[in-house]
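# Chain and residue survey
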Amino acid sequence: MVRTHARSPSPSRDTDESPTLKRIKSSHNSISPLTESQVSADPTPYFANELLSPHNIHRLNQEYAASQPFKYCKVEKLFQDDLLKGVKDECLSELRFTQKETDIYKVNQTGDLASLSYLTESQLGLLPNLLILRDALYSPKFRSFLQAVTGCGPLSGSKQDMSVNTYTKGCHLLNHDDVIGTRRVSYILYMPLPNYQGWQPEWGGALELYPVQIGPDGVPEPETIPSKCVPPSWNQFIFFEVQPGKSFHSVEEVVVGEGEDGRQRLSISGWFHAAQPGEEGYDANEKWGEYKSSREQLASTSTDFKPYPEDEDTPLPSAPLSASHISFLSEFLNPVYLQPRIMSSLSKRFVEESSLELHSFLSEPLATKLAHGLAANDIRDDLGPNRTRRIPAHTAGTSVSVSVSPSSSSSSSAIPSVEIPWDLKGPPHKRRYCTLAPIPSGGKHESVVPRSAHTSPDAIVRCLQNELFPSPAFRAWLAIVSSVVPLRWDVEARRFRPGLDYTLATSEENEARLDVVLGLTPEVGGGVGGEKGEGVRETEKRKGKRQGEEKVVGGWQSGEWGGWECYMAPHEEEDDPAVYRSGSSGKKQKSEASPTPAPAPPLQASSKGDGKGAQTNGNGSASGTNGTHKRSDSQGSAKAAVETDGSEVSDEEDEDGTLLAVQPGFNRLLLVLRDEKVMRFVKYVSAAAEGSRWDVCAEYEIGMIEENEDEEGATKAL
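Residues numbered from 1 in each chain as written. Predicted model: local features only at pLDDT ≥ 70, side-chain atom pairs only at ≥ 80, totals over all residues. Heavy atoms only, no water.

Okay, the nonpolar core next. Membership of the largest hydrophobic core comes to 54 residues, with the highest contact counts inside it found for Phe361, Phe469, Phe474, Trp477, Val516, Leu520 and Tyr700. Considering every element that reaches this core, the biggest residue donor is helix H12 (residues 472-482), with 7 residues. In this structure Phe361 touches Phe332, Leu333, Asn334, Tyr337, Phe474, Trp477, Leu518, Asn667 and Leu669, once residues within four positions along its chain are discounted. Within the second largest apolar cluster, 49 residues are counted, among which are Phe47, Leu60, Leu130 and Phe145. (Core = buried A, V, L, I, M, F, W, Y, C linked by side-chain atoms within 4.5 Å. Buried < 20%, exposed > 50% of the residue type's maximum accessible area, 1.4 Å probe, protein only. Helix = DSSP H or I, 4+ residues; strand = E, 2+ residues; numbered from the N terminus. Contact = heavy atoms within 4.5 Å.)

The next point concerns helix H10 (residues 364-380). Here H10 contains 17 residues, and its C-alpha end-to-end distance of 24 Å stays within 8% of the 24 Å for a straight helix at 1.5 Å per residue. A positive backbone phi angle near 60 degrees is found at Asp382, which sits one or two residues after H10. (Expected span 1.5 Å × (residues − 1).)

On to a negative patch on the surface, then. Among the surface-exposed residues, Glu310, Asp311, Glu312 and Asp313 lie close enough to one another that they form a single negatively charged patch. Looking at the secondary structure, you find Glu312 in the loop between strand E14 (306-307) and helix H8 (323-329). (Patch = residues over 30% accessible without salt bridge, like charges linked within 9 Å, V, L, I, M, F, W, Y side chains within 5 Å. Areas by Shrake-Rupley, 256 points an atom, 1.4 Å probe, with all protein chains shown as cover. Salt bridge = Lys/Arg side-chain N within 4 Å of Asp/Glu carboxyl O. Lys, Arg positive; Asp, Glu negative; His and termini not counted. Charge placed at Lys NZ, Arg CZ, Asp CG, Glu CD.)

For the rest of this paragraph, the subject is the layout of surface pockets. In this approach, a probe sized like a water molecule rolls over the atoms, and the result shows the empty space that is left. Its boundaries defined by the atoms lining it, the largest pocket holds a volume of some 890 Å³. Residue lining of the largest pocket: 34 residues in total, with Lys425, Arg431, Tyr433, Asp490 and Glu492 positioned closest to the centre. At the level of elements, strand E17 (431-436), helix H11 (457-468), strand E18 (485-496), strand E27 (679-682) and strand E28 (693-706) are the ones that each hand at least two residues to the lining of the largest pocket. Residues that form the lining of the largest pocket fall into these classes: 10 nonpolar, 10 polar and 14 charged. (1 Å grid on protein atoms, 1.4 Å probe; cavity = no way out; pocket = protein on both sides within 12 Å on 5 of 7 lines; lining within 4 Å. Points joined across faces, edges and corners; volume = space filled by probe spheres on them. Nonpolar A, V, L, I, M, F, W, Y, C, P; charged D, E, K, R; others polar.)

With that out of the way, let us pick up unusual backbone geometry. Omega for the bond connecting Leu193 with Pro194 falls within 30 degrees of zero, at -5 degrees, which places this linkage in the cis form. Tracing the sequence through the fold places Pro194 in the loop between strand E6 (183-190) and strand E7 (207-209). In this model, Gly426 is joined to Pro427 through a cis peptide bond whose omega is 0 degrees. At Ser360, a position not held by glycine, the phi torsion is positive, near 50 degrees. Locating Ser360 in the fold gives a position in the loop between strand E15 (355-359) and H10. Taking the relative accessible area as the measure of exposure, Ser360 reaches 27% and is therefore partly exposed. We note that Asn667 has phi near 60 degrees; this positive angle belongs to a residue other than glycine. Mapped onto the elements of the fold, Asn667 is located in strand E26 (residues 666-674).

Remark: H10 packs on H11, axes separated minimally by 8 Å, with the N-to-C direction vectors making an angle of 125 degrees. Taken together, H10 and H11 sit at an angle that is classed as oblique. Read as a crossing pair, H10 and H11 show a hand that is left-handed. Facing H10, whose interface residues are Leu366, Lys369, Leu370, Gly373, Leu374 and Asn377, H11 presents Pro457, Asp458, Ile460, Val461 and Leu464. A class-by-class count of the residues in the contact of H10 with H11 yields 7 nonpolar, 2 polar and 2 charged. (Axes fitted to C-alpha atoms, helices over the stretch in contact; angles between N-to-C directions. Parallel < 35°, antiparallel > 145°, perpendicular 65-115°, else oblique. Left-handed = near helix turned anticlockwise from the far one by under 90°.)

Time to look at the side chain of Glu565. You can see Glu565 is positioned in strand E21 (residues 565-568). A distance of 2.9 Å separates the side chain of Glu565 from the side chain of Arg680, its partner in a polar contact. Polar side-chain contacts of Glu565 include one of 3.2 Å to the side chain of Arg693. Contacts of Glu565, omitting those with residues within four sequence positions, involve Arg494, Val517, Leu660, Ala661, Val662, Leu670, Arg680, Phe681, Val682 and Arg693. (Polar contact = N/O pair within 3.5 Å; in protein donor to acceptor, adjacent residues only side chain to side chain.)

So, on to the packing of helix H9 (residues 340-353) against H12. Packing of H9 against H12 brings their axes to within 6 Å, and their N-to-C directions diverge by 60 degrees. In this view, H9 runs oblique relative to H12, as classed from their interaxial angle. Between H9 and H12, the residues in contact are Met343, Leu346, Ser347 and Phe350 and Trp477, Ile480, Val481 and Ser482, respectively. Broken down by class, the residue content of the contact of H9 with H12 amounts to 6 nonpolar, 2 polar and no charged.

A word on the environment of His359. Mapped onto the elements of the fold, His359 is located in strand E15. Residue class for His359 comes out buried when judged on its relative accessible area of 6%. A C-alpha to C-alpha distance of 9.0 Å links His359 and Gly665, two positions 306 residues apart in sequence.

Let us now look at the packing of aromatic side chains. On inspection of all chains with the given rule, the structure shows 21 aromatic pairs. Arranged with centres 5.1 Å apart and planes meeting at 40 degrees, the rings of Tyr433 and Phe496 form a pair that is tilted. Taken together, the positions of Tyr433 in strand E17 and Phe496 in strand E18 put the pair 63 residues apart, joining distant regions of the chain. Across this residue pair, the class does not change: Tyr433 and Phe496 are buried. Consider the rings of Trp556 and Trp561, whose centres lie 5.3 Å apart with planes at 85 degrees: the pair is edge-to-face. Looking at Trp561, the relative accessible area reads 7%, which means it is buried. (Phe/Tyr/Trp six-rings, centres within 6.5 Å; stacked < 30°, edge-to-face > 60°.)

This next bit is on the pattern of salt bridges. Throughout the structure, instances matching the rule amount to 29 salt bridges. In this structure, Glu76 and Lys74 form a salt bridge, with 3.6 Å as the shortest nitrogen-oxygen distance. On the basis of relative accessible area, Lys74 is assigned to the partly exposed category, the value being 32%. A salt bridge links Glu699 to Arg513; the shortest N-O distance between them is 3.4 Å. Of the two residues, Glu699 sits in strand E28 while Arg513 sits in strand E20 (residues 513-520), which places them 186 residues apart along the sequence. In this pair, the class of Glu699 matches that of Arg513, namely buried. Salt bridges here are not isolated pairs; linked through shared partners, they connect Arg494, Glu508, Glu511, Arg513, Asp515, Glu565, Arg674, Arg680, Arg693, Asp695 and Glu699.

Here the focus is the sheet that holds strand E25 (residues 658-662). Within a sheet, adjacent strands bond to each other through the backbone by hydrogen bonds, running parallel or antiparallel. With antiparallel pairing, 3 strands are arranged side by side in an open sheet as E25-E21-E27. In this open sheet, the two edge strands, each paired with only one partner strand, are E25 and E27. Strand-to-strand twist across the sheet, computed as the mean angle between neighbouring axes with direction ignored, equals 15 degrees. Across 4 bridges, E21 lies against E27 in antiparallel orientation. Within the sheet, the bridge partner assigned to Glu565 lies in E27 and is Val682. (Pairing = 2+ DSSP bridges.)

A separate point is the pairing of E20. With respect to burial, E20 is a largely interior element, 8 of its 8 residues being buried. By the alternation rule, side chains of E20 split into Arg513, Asp515, Val517 and Gly519 and Leu514, Val516, Leu518 and Leu520, which are all buried. Where E20 lies against E26, 8 bridges are found, and the strand directions are antiparallel. The partner of Leu514 across the bridge, within E26, is Leu673.

Where burial is concerned, most of E26 is hidden: 9 out of the 9 residues are buried. With 5 bridges joining them, E15 and E26 adopt antiparallel strand pairing. Bridge pairing in E26 places Leu356 opposite Leu671.

Within the secondary structure, Arg680 is located in strand E27. Distance from Arg680 to Pro570, taken between C-alpha atoms, is 9.8 Å for residues 110 residues apart in sequence. In this structure Arg680 touches Leu504, Ala505, Thr506, Asp515, Val517, Glu565, Cys566, Tyr567, Arg674, Cys697 and Glu699, once residues within four positions along its chain are discounted. In this structure the side chain of Arg680 is engaged in a polar contact, spanning 3.2 Å, whose partner is the side chain of Asp515.

Below is the structure:
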């Protein structure tokens, strides 16, 4: 199985390379950089006036103690402006940024600035202001300032941990608590561009801080909606003590591009660590926090499975569907998927590949009603292509939102209230999306036959969730197609809103699972999908009139809008937990991005090594297996060659680990047999998306059928 990297809850540092200088200029008239000892001895002249004064420290300490939702400090001006402008110019002209993307972030980042100390004298001459800034930040005097404001205890001067980050259009960082290793204080220094123009809140990029509540297991977890949003501003410095179960935060997606006045959210961010061995204040027995970090909580997940009725016979994969099962399923499924010959063919493919994607899965009446209805819901909830806010409100599309169509010319008071049956589900350090609100006890349950006669698309989605997926008939159908037996089930309809929603990578530690996901994301404009409309928006740009020229695909299909379902091989926990790598370690590459999925053909599992359904993070390699679980003993990874600087690298060197990635689409059923420890997530849906990503997602605990000579068969759990 292909290996993958550790997934950091914050952008990783490339610690095994230089601080990513773009080039070494042969002739460069630069000022001589001050030595580290010179800056550390007295950094006061480089900081803003009165920043380090006792009066200001007392004021900041009072503000820090009273801050909510957790203790943090905001310094409006940290450095002298001329110094920071020099730092900004050096970052843009001399440093190389690498795009990095995982389930939790997308960002452009330099290497670790701690390694500036290892540059040659000529290289250091290119970065005099950046060196001064770094040495001033980690000087004894500034560390004492941080201790006095936060009460955090001794901080290390030798363990420096910082990088330059720029958030361009589409970049984001999802909810996490920063708890890793010996980190004690997290900080960010803003240099948003252009620096002569104030950054506007509607451009995104705000730091979001979350209150906590006690979760079902008694552990504090972040609420689904942040209570504090801090837009970036020039020379602003924000810092807080890193605390498990408290310091949950995220960075809002940036929704403006560099082409618009060069706008980008440029910053320097990092951590101050606890005192290290040999430093004053080091405590070898220090324990930090009583709760697990957000990263540790993502290690695995548990599912609340529901049993099938005890009086129902266990279906056999070899047994045909009964007449009653066919009668029930015929109202939901495209009739082609009820044909024995087709089901047998699908079963053979699934046994070989461990994944299938079935297009045009639902019956035409249901698909037509859903395609138009769900697209209309997005427009109603101001989540469609022409929404008034590029980044929607956190309550948009939920039962607590006020829904007013932006295309309506009437006043909001004249619009009748619409009941929206969707609630937010978190916690956001693991997931955030909308689910159908349960029908209240004693509430009205409308029974409509046929189901396509429902006036509300939400009601049809509820039928799929409550009637189709848990049904004995669908259980029997799954047994035939997958050759495994569903023993228990869990299902929920999900709505992922643009600019807001996602799931982070989790895994099942001990057992295999059968994942069944019905994609319901409409083509923008309400298309039904099928041969000409696959539930994605496709645009073509042609240069000239010659045939056969390259087709440029955008939207869901290109991966630009996110929302893809991704399966990753388990991480082997070999790395130092304080060091994270993105992309192939030690390889030079222009960008390191998460997999951009390509469409799979109808009724076909993703093919091995052809780039369909299973692609890497942009370095050109494809995983050797597209299924995530094999019934045979041959689960070793196949050779996966990648082209890097003209050489081929085997899978032992490629650490991407992507097994399968499938883009959102309409009326497609995805079946995946997921092995234990395989990680799974739905990529954050970008604010660029022109509507929500919809699906019905089910997970089944499974067993195998063991044929005996003197019995028809016996079922046992895997």
